[in-house]
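# Survey of secondary and tertiary structure
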Amino acid sequence: MLKHPDKRTLQALASLQNDADYQTVLLWLRTSLYELYKDGSYAREDHQARWFQGAQQVIAELLEKSDNAMEVIRKN
C-alpha cells in the first residue's frame, strides 16, 4: 500500500497530467495493470496469485493517486 502523497507530490502529479511523455508512462502502467490482471487470473500457485495481487494494488493505487491529484488539491 502506498502512503498518501504530500501536497508537493500531488501538485507534481497534477502538473504532469498534460505532459505527453507522462501520458506515455501512464499508458504503460495501465497496460501493465491489465496484463497483471489477465496473467494473475491464471496463476496456479497461491504465492503467484498473491504476487500478482500485490503488484496490481500498487499500480492501481499509483494510477488512482495520479488521476485524482488535482481533485485532492482543490479539496484542501
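Owing to the predicted nature of the structure, the values given are computational and were not obtained by experimental measurement. (Residues numbered from 1 in each chain as written. Predicted model: local features only at pLDDT ≥ 70, side-chain atom pairs only at ≥ 80, totals over all residues. Heavy atoms only, no water.)

There is a patch of nonpolar side chains on the surface, built from L2, V58 and L62 and spanning about 200 Å² of accessible area. Classification of L62 by relative accessible area gives partly exposed; the value is 36%. (Patch = residues over 30% accessible without salt bridge, like charges linked within 9 Å, V, L, I, M, F, W, Y side chains within 5 Å. Areas by Shrake-Rupley, 256 points an atom, 1.4 Å probe, with all protein chains shown as cover. Salt bridge = Lys/Arg side-chain N within 4 Å of Asp/Glu carboxyl O. Buried < 20%, exposed > 50% of the residue type's maximum accessible area, 1.4 Å probe, protein only.)

Below, the discussion takes up the nonpolar core. Within the largest apolar cluster, 13 residues are counted, with the highest numbers of intra-cluster contacts made by L26, L29, L36, I59, L63 and A69. Looking at this core, the elements with two or more residues in it are α1 (7-16), α2 (20-40) and α3 (46-67). The element contributing the most residues to this core is α2, with five residues. Sequence-distant contacts of L29, that is, excluding residues within four places in its chain, are made with I59, L62 and L63. (Core = buried A, V, L, I, M, F, W, Y, C linked by side-chain atoms within 4.5 Å. Helix = DSSP H or I, 4+ residues; strand = E, 2+ residues; numbered from the N terminus. Contact = heavy atoms within 4.5 Å.)

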